[in-house]
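This is what each chain is made of:
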Amino acid sequence: MKTFSDIGVQIPQVYIPKQNIDLRKWSVIACDQFTSEPEYWHEVEKIVGDSVSTLHLILPEVYLENEDKDERVKQIHSTMKKYVEDDLFQLHEGLIYVERTIRGKIRKGIMLCLDLEQYDFKENATGLIHPTEGTVLDRLPPRVKVREGALLELPHILVLIDDPNHTVIESVSKAKAGLKKLYDFELMLGSGHLAGYAVKEELENQVIESLRNLAKHEDFIKKYDLNQDTPVLLFAMGDGNHSMAAAKEYWEQIKSQVGMNHPARYALVEIVNVHDEGLEFEPIHRILFNLQRDLLVELKNYFGENFGYSTASSYEEMTQRVDSSEGQKQVVGLVRGGNQFGVIEVANPKSNLAVGTIQSFLDVFMENNGAEKIDYVHGEDVLKKIASQNEHAAFYLAGMHKSDLFKTVIVDGVLPRKAFSMGEAKDKRFYLEARKIVS
C-alpha cells in the first residue's frame, strides 16, 4: 500500500460487497444517529431482516444503555469473521470517489486512509489532523470495545479540507465519466442516493499533489493570516469525531506490541471539501429529558445579571428571533413542556459561540442532576415533538457559517462539542465500505 507520510495519507485496500448483495439492505446510517428515536432503528431492522447488512456489524448508540450491549459487541465480531469467511466482499485497492445525493444536492468525497500518528483529539493538538469539537471521553470506551476485537472497520467518518479553489476532489469529479462504477443505489428511509467510483492512478497522483499544495506552510500562513510558527491544519474532523478518537485510542493501546506498520495505525475516512455546494452545516439542538429542577431558575443562577429571558408567542417567532439575532448578546431558543416558547439572551458571554455558552451551563446542570438525560439532535421536527412533552425541554440554536470553520479552529481551538452538524440526521454517512484492521 502506498503511504504519503508528509500529508498523513495512505491509499487504502477496501472491501466492497459483491454484486449479488442487496446494497439497500447492506448499507445503514451512522451508528450515532437517531439516538432518541428507537423507532427509526426498528424500521431499519424490519427492512434488513436476516439479510447480510452492516446493521449486524455496528452498535447503534440507541442501544448503548441496554443490558445486552456486551453480547451485541461479541455478535458483531463473530459476524465480521463470518462475512469474510463467506467471501461476501470484493477487494479494491485505491481511492474511491463518492457522490451522495439528497434533497437535490450532491455531496462529493474521496475515500482514503489517514494516519492516526498525525491526529490527536486533545484540545492543543498540533498534527495535520485536528478535531473540530471537544471529545467526550466517556463516549469512547464502547467504541473502543467494538474496535478491539474487530476484524474490520466500517467508517462513518467525514473529514473536511479547506479547498476554495476546488483542486482536490473536484479534479476527480470532472473525470467521473471515465471512471469504473463500484456501486450505485438508493439508500433506505429517504436518505437519498449513493454512488462510488474507482479513481485511476493518474487522478490519484493529482489528488495527492493537490493535498500537498494545501499543506504548504507558507501558503497556509498567508491563507489564514497566521503567525509563522503556526502548524499546518490540513484535515479537520467533520462527522465521526468520536469514532476517529476511538480508533486513535485503540492504536495507542496496541502499537507498542504490533509495530508501526500495522493496519490499525490508519483509519478509513471520506474527505469532503468544506466549500462543496452539497455540504450544509446545521445546528445541533439540545434536549433535556425528565427535568428535575426549575430550568429558568437554574439559568438565572448560573448566568446572574447577564441572563435575560422573554417569551415568544409561537415556535416560529422563537426561531425567527434566534436566527436573525445580531449584536453582542448571544441568543438561544427555549422550548418547554406544554408548548411554551421563549428566547434566552446572555450578555458578556465567555464563549465565542452561543452553543459553547449554553453547553457550559448544561454541563453544570447535568452534574447537579438537573435532568435524567441530555441528547443532541439534528432537525427541528424531533426537537418540537420531544420538547413539547411536559417533563422535557429543549434549546434551539442557530447554525454557524461553514466558511468560518477552519480559521476558528486554528485560532480559537476546538469548538464546543456538538457545535454543528454536516446536514441533518438523514444526510449522515451510510456504511458501505469496510477495511481490515488486523495484520
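Remember, it's a predicted structure, so these values are computed and weren't measured experimentally.

A short note on the packing of aromatic side chains
Step number 1: Counted according to the given criterion, the structure contains 17 aromatic pairs.
Step number 2: Seen from their ring centres, Tyr302 and Phe303 are 4.8 Å apart, and the 85° between their planes marks the pair as edge-to-face.
Step number 3: On the basis of relative accessibility, which here comes to 37%, the residue Tyr302 falls in the partly exposed class.
Step number 4: Assessed through its relative accessible area of 11%, Phe303 is described here as buried.
Step number 5: Judged by centre distance (6.5 Å) and plane angle (10°), the ring pair of Phe303 and Phe307 falls under stacked.
Step number 6: Looking at Phe307, the relative accessible area reads 14%, which means it is buried.
Step number 7: Put simply, the rings of Tyr302, Phe303, Phe307, Phe361 and Phe365 touch in pairs and so form one group of aromatic residues.
Step number 8: If you follow Arg72 out to its NZ or CZ, it ends over the ring of Tyr63, 4.0 Å from the centre.
Step number 9: The lysine or arginine in question, Lys122, covers the ring of Phe121, its NZ or CZ lying 5.9 Å from the ring centre.

Side note on the nonpolar core
Step number 1: Grouped together as the largest cluster of nonpolar side chains are 86 residues, with contacts concentrated most on Leu211, Phe235, Met244, Ile271 and Phe395.
Step number 2: Per element, the largest residue contribution to this core is 7 residues, and it comes from helix α8 (residues 241–258).
Step number 3: Once residues within four sequence positions are removed from consideration, Leu211 is found in contact with Ile7, Val9, Leu112, Ile161, Val168, Leu234 and Phe235.
Step number 4: If you look at the next biggest cluster of nonpolar residues, it comprises 52 residues, including Val14, Ala30, Val44 and Tyr63.

Here's the deal with the state of the cysteines
Step number 1: Here the structure, examined in full by the defined rule, presents 0 disulfides.
Step number 2: You can see Cys113 has no disulfide; the closest cysteine sulfur is in Cys31, sitting 18 Å from it.

Considerations on the pattern of salt bridges
Step number 1: In total, this model carries 29 salt bridges according to the counting rule given.
Step number 2: The closest approach of N and O atoms between Arg143 and Asp32, which form a salt bridge, is 3.9 Å. Taken together, the positions of Arg143 in helix α4 (residues 140–148) and Asp32 in the loop between α1 (23–26) and α2 (38–48) put the pair 111 residues apart, joining distant regions of the chain. Residue Arg143 shares its accessibility class with Asp32, and that shared class is buried.
Step number 3: Of the charged contacts in the structure, one is a salt bridge between Arg147 and Glu153, with a shortest N-O distance of 2.8 Å.
Step number 4: Relative accessible area serves as the criterion here: at 5%, Glu153 is assigned to the buried category.
Step number 5: Within this structure, Asp32, Glu61, Arg139 and Arg143 form a network of salt bridges that share partners.

A short note on helix α3 (residues 69–85)
Step number 1: When the terminal C-alpha atoms of α3 are compared, their 25 Å separation across 17 residues agrees well with the 24 Å that a helix rising 1.5 Å per residue should span.
Step number 2: Buried residues of α3: Val73, Ile76, His77, Thr79, Met80 and Tyr83, and no others. Each buried residue of α3 lies within a common arc of 165° when the element is viewed along its axis, so the set occupies one face. Away from the buried face of α3 by more than 90 degrees, exposed residues Lys74 and Glu85 are located.
Step number 3: Buried-residue contacts for α3 involve α1, β4 (89–93), α4 and β8 (152–153).
Step number 4: A positive backbone phi angle near 60° is found at Asp87, which sits one or two residues after α3.

Things to note about the environment of Ile374
Step number 1: Turning to its location among the elements, Ile374 is positioned in strand β19 (residues 371–378).
Step number 2: For Ile374 and Leu362, which are 12 residues apart along the polypeptide, the C-alpha to C-alpha distance reads 8.7 Å.
Step number 3: Beyond its immediate chain neighbours, meaning those up to four positions away, Ile374 contacts Arg286, Ile287, Leu288, Leu362 and Met366.

Considering the layout of surface pockets
Step number 1: Quantified by volume, the largest pocket comes out at close to 840 Å³.
Step number 2: Lining of the largest pocket is provided by 25 residues; of these, Glu65, Arg139, Lys373, Ile374 and Asp375 occupy positions nearest its centre.
Step number 3: For the lining of the largest pocket, the secondary structure elements donating two or more residues are α11 (354–367) and β19.
Step number 4: The element that contributes the greatest number of residues to the lining of the largest pocket is β19, accounting for 6 residues.
Step number 5: Residue composition of the lining of the largest pocket, by class: 8 nonpolar, 5 polar and 12 charged.
Step number 6: By volume, the second largest pocket amounts to about 550 Å³.

Things to note about the packing of helix α9 (residues 295–303) against α11
Step number 1: Their axes nearest at 11 Å, the elements α9 and α11 cross at an angle of 110°. Judged by the angle between their axes, α9 and α11 are roughly perpendicular. Seen along the crossing, α9 lies across α11 with a hand that is right-handed. On α11, the residues that touch Leu295, Glu298, Leu299, Tyr302 and Phe303 of α9 are Thr357, Ile358, Ser360, Phe361, Val364 and Phe365.
Step number 2: A class-by-class count of the residues in the contact of α9 with α11 yields 8 nonpolar, 2 polar and 1 charged.

Overview of the sheet that holds β19
Step number 1: The strand order across the open sheet built from 6 strands is β16-β18-β17-β20-β15-β19, with neighbouring strands paired in antiparallel fashion. The two strands at the open ends of the sheet, each matched to only one other strand, are β16 (307–312) and β19. Averaged over all pairs of adjacent strands, the angle between their axes in this sheet comes to 25°, without regard to strand direction.
Step number 2: Taken together, the 3 bridges between strand β15 (residues 284–291) and strand β20 (residues 393–396) define a ladder with antiparallel strand orientation. From the neighbouring strand, Arg286 faces β20, where its bridge partner is Phe395.
Step number 3: Seen against the sheet, helix α10 (residues 315–323) touches β16, β17 (330–336), β18 (340–346) and β20 and runs at an angle of roughly 165° to β17.

Some details on empty space enclosed by the protein
Step number 1: Throughout the structure, instances matching the rule amount to 3 cavities of 30 Å³ or more.
Step number 2: Every residue lining the largest cavity is counted, 24 residues in all, and those nearest its centre are Arg143, Val146, Arg147, Leu154 and Ser243.
Step number 3: Elements that contribute at least two residues to the lining of the largest cavity include exactly α4, β8, α8 and β13 (266–273).
Step number 4: Counted by class, the lining of the largest cavity contains 18 nonpolar, 2 polar and 4 charged residues.
Step number 5: Taken as a whole, the second largest cavity spans an internal volume of roughly 210 Å³.
Step number 6: Every residue lining the second largest cavity is counted, 21 residues in all, and those nearest its centre are Asp32, Gly238, Asp239, Gly240 and Lys418.
Step number 7: The set of elements that each furnish at least two residues to the lining of the second largest cavity consists of β12 (235–239) and α8.
Step number 8: A per-element tally of the lining of the second largest cavity places α8 first, with 3 residues.
Step number 9: Taken together, the residues of the lining of the second largest cavity break down into 3 nonpolar, 10 polar and 8 charged.

Parameters and conventions
Residues numbered from 1 in each chain as written. Predicted model: local features only at pLDDT ≥ 70, side-chain atom pairs only at ≥ 80, totals over all residues. Heavy atoms only, no water. Phe/Tyr/Trp six-rings, centres within 6.5 Å; stacked < 30°, edge-to-face > 60°. Buried < 20%, exposed > 50% of the residue type's maximum accessible area, 1.4 Å probe, protein only. Lys NZ or Arg CZ within 6 Å of the ring centre and 35° of its normal. Core = buried A, V, L, I, M, F, W, Y, C linked by side-chain atoms within 4.5 Å. Helix = DSSP H or I, 4+ residues; strand = E, 2+ residues; numbered from the N terminus. Contact = heavy atoms within 4.5 Å. Disulfide = S-S within 2.5 Å. Salt bridge = Lys/Arg side-chain N within 4 Å of Asp/Glu carboxyl O. Expected span 1.5 Å × (residues − 1). Arc of directions from axis to C-beta. 1 Å grid on protein atoms, 1.4 Å probe; cavity = no way out; pocket = protein on both sides within 12 Å on 5 of 7 lines; lining within 4 Å. Points joined across faces, edges and corners; volume = space filled by probe spheres on them. Nonpolar A, V, L, I, M, F, W, Y, C, P; charged D, E, K, R; others polar. Axes fitted to C-alpha atoms, helices over the stretch in contact; angles between N-to-C directions. Parallel < 35°, antiparallel > 145°, perpendicular 65-115°, else oblique. Left-handed = near helix turned anticlockwise from the far one by under 90°. Pairing = 2+ DSSP bridges.

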